[in-house]
Amino acid sequence: MDGAGALSSVLNAVKSAAELRKLGAILPLLCGLLGCGSSLVSMDREEAFGRSVEAHVDGDHDMAAAAALMYLESATEDDPRYDRAQMTLAGSLKALGLNYGASLYYLDIAQSRRNVDLLNRALESLAALSITDLVDEELVLRAFVASEDLSGLPRELANFVHFVKGRDSLRRNELAWAERSFAGIEPDSPYYPRAQLVTAAHAISQSDLEEAEEVLSPLAETEAPLVPKDVRSEARLALARIALDRQRVRDAIAHYEEVQSVAPERPGVVLEMAWAHYYRGNFRRSLGLLIALDAPVFEALIAPERYLLEAYNLRKLCQLDLARVAVNRLRSRHGEALQELESGIPAIESEVLRRSAKERPSLRRETRLVEQVRSELDRAREIAARAGDAGDALLQTYEAALDRLAQRHESNLNREVRQLATELASASDGLRLLLHELSVQLLRGRARPDGPAPRGGVSEIPTGEVAYSFTGEFWTDEMDDLEVTIEDRCLQ
């Protein structure tokens, strides 16, 4: 008996409204088991279009996407409803969490300009997705928005386009074009401070730190209501790095303390703060921040210099035995990678380094995008199955996108692996040299190393043994005063 016949037999057996209500609760499961949805593949093009619109309005996005795919399989681009079907498909995919696939259909609508009424809606959707990093920036923003002549747009869409074009021009060092594009952004638009942030970043890349500070300072002010929170944090972080580069350590620390809230997503910021406190002579505070980096929330940080800095801090306090322990922690943490490098295995063939490099800040977004598309492909297979042969188009779209992203990611990953290998080898060499310096310092009777003396004293040294029991993690929400209580053993 086929699925439809089995379902008919069950319905015929229903004798009362009460039984019908009971059946209603299990009907979706029953249909899934018997294949009721397979009747969708028998729809003609007209039925498929109507069913897609109806299901989308009703919130049945699985059905809407499958029906839209069936319609698009037999329709041509000359059909006046072609773009509407694509819009329905894109909206349903977005509602189902298939954001990358949705962005590609929005992109086709915008690129083709077959339906002027839908062009703006498609661009609005791409703008919203781009802010959340859910689109292929190279394909959508640089190859289309930054390159096409898009005019006559509504106010906020025009601001978005001006921003993307200006940012792309700056990346190519076309300053006049960038300035012209940014000048088209209205001052009350959220893209206006983003354009200023990009301008400051370019000035920093050109070593024009004074110009960068002039642009960044207003963005970092709490009283600037038109500046989005993420832009303010980035501006403060950039000011901290500029101040540290210019040896204004106190200013750098003040800026870093303003952006501590981004630390869980940006563990490198905690390491930068630790370096700033080290340069200031706040060795105990620097050690406290390094301990914070041992929290599981920061496990994605791959920074061999972290162990070098720990040893530096301990050396400044003449805690020589602990400094030696810190030196050995590098090999304990990255011993497998170091062993592979020392054995002659090419860096790009090291699985350990490849795993670590994927979590580096410069590659993390791209890594997440590849993982997202791979995950969405699994979900897309379920939708495609409901649409029969028509679903092949969705799968081909995803598979082609995944191949393209994976190839680009592999190229960038190889570059990042080589950089990480260099940093790891450099840190290893630095720690070997530090081991020698520690031995010399011990022979000299714990004389204080050159540089600033420790700031602040130790109000109380705990005595006895203190044990803390953790259940797999510990929090770092008290980084404002996290400090290692350790005595200064240097002989003055």
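> Looking at this structure, how should I read the overall build of the chain?
When its secondary structure is counted, the chain shows 21 helices and zero strands. Per-residue burial for the chain yields a buried fraction of 46% across its 492 residues. When the accessible surface of the chain is totalled, it reaches about 25600 Å², and 50% of it is carbon and sulfur.

> Would you mind going over the state of the cysteines with me for this structure?
Each disulfide consists of one covalent bond between the sulfur atoms belonging to two cysteines. According to the stated counting rule, one finds one disulfide in the structure shown. With its sulfur 1.9 Å from that of its partner, Cys318 forms a disulfide with Cys490. Since a negative S-S torsion denotes a left-handed disulfide, the Cys318-Cys490 link at about 95° is right-handed. Highlighted residues: Cys318 in the loop between helix H17 (305–316) and helix H18 (320–342) and Cys490 in the segment after helix H21 (392–443), separated in sequence by 172 residues. Exposure class is identical for Cys318 and Cys490. Each is buried.

> Can you walk me through the pattern of salt bridges in this structure?
Where charged atoms from two side chains of opposite charge approach closely, those side chains can pair. With the rule as written, the count across this model stands at 39 salt bridges. Measuring nitrogen to oxygen at the nearest pair gives 3.5 Å for the salt bridge that ties Glu77 to Arg114. Of the two residues, Glu77 is situated in the loop between helix H4 (61–74) and helix H5 (82–95) and Arg114 in the loop between helix H6 (99–112) and helix H7 (116–131); the sequence distance between them amounts to 37 residues. Exposure remark for Arg114: the relative accessible area of 28% places this residue in the partly exposed category. When the shortest N-O distance is used, the salt bridge between Arg142 and Asp168 registers 3.0 Å. Residue Arg142 is found in helix H8 (residues 137–145), and its partner Asp168 is found in helix H9 (residues 155–171); the two are separated by 26 residues along the sequence.

> I'm lost on the environment of Ser428 in this one. Help?
Counting through the fold element by element, Ser428 comes out in helix H21. Given the relative accessible area of 7%, Ser428 is considered buried. Measuring from C-alpha to C-alpha, the distance between Ser428 and Leu330 comes to 7.5 Å, with 98 residues separating the pair along the chain. Sequence-distant contacts of Ser428, defined by excluding residues within four places in its chain, comprise Leu330, Arg331 and Leu338.

> Quick question: what am I supposed to make of helix H3 (residues 45–58) here?
Helical geometry note: an α-helix holds 3.6 residues per turn, so side chains three or four residues apart project in the same direction. Taking 1.5 Å of rise per residue, the 14 residues of H3 would be expected to cover 20 Å, and the 20 Å separating its terminal C-alpha atoms lies within 8% of that figure. Taken together, the buried positions of H3 are occupied by Ala48, Phe49, Ser52 and Ala55. Buried residues along H3 cover an arc of 140° about the axis, so they all sit on one side. Relative to its buried face, H3 has exposed residues pointing more than 90 degrees away, namely Val57 and Asp58. Residues of H3 that are buried in the fold lie against H4 and H5. The opening residue of H3 is Asp44, an N-cap whose side-chain oxygen sits 3.2 Å from the backbone nitrogen of Glu46.

> Before we go on, may I ask you to explain the packing of H6 against H21 in this structure?
In a packed pair of helices, the relevant descriptors are the angle between the two axes and the axis-to-axis distance. At a minimum axis distance of 11 Å, the contact between H6 and H21 shows a crossing angle of 100°. In this view, H6 runs roughly perpendicular relative to H21, as classed from their interaxial angle. Here Tyr100, Gly101, Leu104 and Tyr105 of H6 come into contact with H21, specifically with Ala393, Leu394, Thr397, Tyr398, Ala401, Arg404 and Leu405. Its residues placed into classes, the contact of H6 with H21 shows eight nonpolar, two polar and one charged.

> Quick question: what am I supposed to make of the confidence of the model for the chain here?
Should pLDDT be low for a region, the predicted coordinates there are not to be read in detail. For the chain, the average pLDDT comes to 83, and 85% of its residues sit at 70 or higher. Contacts for the low-pLDDT stretch residues 1–39, under 50 throughout, to residues beyond four places or in other chains number 18 contacts.

> Hey, could you run me through helix H20 (residues 361–386) in this one?
For H20, which comprises 26 residues, the first-to-last C-alpha distance of 39 Å matches the rise-based estimate of 38 Å (1.5 Å per residue) to within 8%. At Arg379, H20 is deflected by roughly 25°, the largest bend along its length. Residue Gly388 follows H20 closely and has a positive phi angle near 65°.

> Explain the side chain of Arg364 here, please?
Its place among the elements puts Arg364 in helix H20. Assessed through its relative accessible area of 18%, Arg364 is described here as buried. What Arg364 contacts, discounting residues up to four positions off in sequence, is Glu265, Lys358 and Glu359.

> What am I meant to see in the side chain of Glu213 here?
Looking at the secondary structure, you find Glu213 in helix H12 (residues 209–220). A polar side-chain atom of Glu213 sits 2.6 Å from a polar atom in the side chain of Arg248. In contact with Glu213, not counting residues within four places along its chain, are Leu239, Ile242, Arg246 and Arg248.

> Sorry if this is basic, but what is going on with the packing of H5 against H6 here?
Put simply, H5 and H6 touch, their axes get as near as 7 Å, and they point 155° apart. In terms of orientation, H5 lies roughly antiparallel with respect to H6. By crossing handedness, the relation of H5 to H6 is classed as left-handed. In this structure, H5 uses Asp83, Gln86, Met87, Leu89, Ala90, Gly91, Leu93 and Lys94 to contact H6, whose residues at the interface are Asn99, Gly101, Ala102, Tyr105, Tyr106, Asp108, Ile109 and Ser112. In terms of residue class, the contact of H5 with H6 is built from eight nonpolar, five polar and three charged.

> Would you explain unusual backbone geometry in this entry?
Glycine aside, negative phi is the norm for most residues, and most peptide bonds take the trans geometry. A positive phi angle, close to 55°, is found at Arg113, a residue other than glycine. Phi is positive for Asn173, close to 65°, though the residue is something other than glycine. Mapping Asn173 onto the fold places it in the loop between H9 and helix H10 (175–183). By relative accessible area, Asn173 is classed as partly exposed at 43%.

Rules and cut-offs
Every chain's residues receive numbers from 1 upward, in the order its sequence appears when written. Note on the predicted model: pLDDT of at least 70 is required for a residue's local features to be given, and 80 or more for side-chain atom pairs to be given and counted; whole-chain, interface and lining totals, by contrast, use all residues. Side-chain numbers here rest on the full set of heavy atoms in the structure, without hydrogens or water. Only DSSP runs of H or I reaching four residues or more are called helices, and only runs of E reaching two or more are called strands; each is numbered from the N terminus. Remark: exposure states derive from per-residue accessible area (1.4 Å probe, protein chains only) relative to the maximum for the residue type, with buried under 20%, exposed over 50%, and partly exposed in between. Accessibility throughout is a Shrake-Rupley quantity obtained with a 1.4 Å probe, and a residue counts as covered only by protein chains that appear here. Note on terminology: pairs of cysteine sulfur atoms within 2.5 Å are recorded as disulfides. For salt bridges, the criterion is a side-chain nitrogen of Lys or Arg within 4 Å of an Asp or Glu carboxyl oxygen. Two residues qualify as a contact provided that any one of their heavy atoms is within 4.5 Å of a heavy atom in the partner residue. By this rule the span expected of a helix is its residue count minus one, scaled by 1.5 Å. What the arc describes is the spread of directions from the helix axis to the C-beta atoms. N or O atoms closer than or at 3.5 Å make up a polar contact, with two conditions inside protein: a donor-capable atom paired with an acceptor-capable one, and, for residues adjacent in sequence, both atoms drawn from side chains. Here an angle of 0 to 180 degrees is reported between the N-to-C directions of two axes, which are lines fitted to C-alpha atoms, with helices fitted over the stretch in contact. Each angle gets one of four labels, with under 35 degrees taken as roughly parallel, over 145 as roughly antiparallel, 65 to 115 as roughly perpendicular, and the rest as oblique. Residues are grouped as follows: Ala, Val, Leu, Ile, Met, Phe, Trp, Tyr, Cys and Pro are nonpolar; Asp, Glu, Lys and Arg are charged; all remaining types, including Gly, are polar. Note on scores: pLDDT gives the predictor's confidence for each residue, bounded by 0 and 100. One axis fitted to the seven residues ending at a residue, another fitted to the seven starting there: the angle between these axes is the bend at that residue. Handedness of a helix crossing follows the sense of rotation of the near helix relative to the far helix, less than a right angle counterclockwise being left-handed and clockwise being right-handed.

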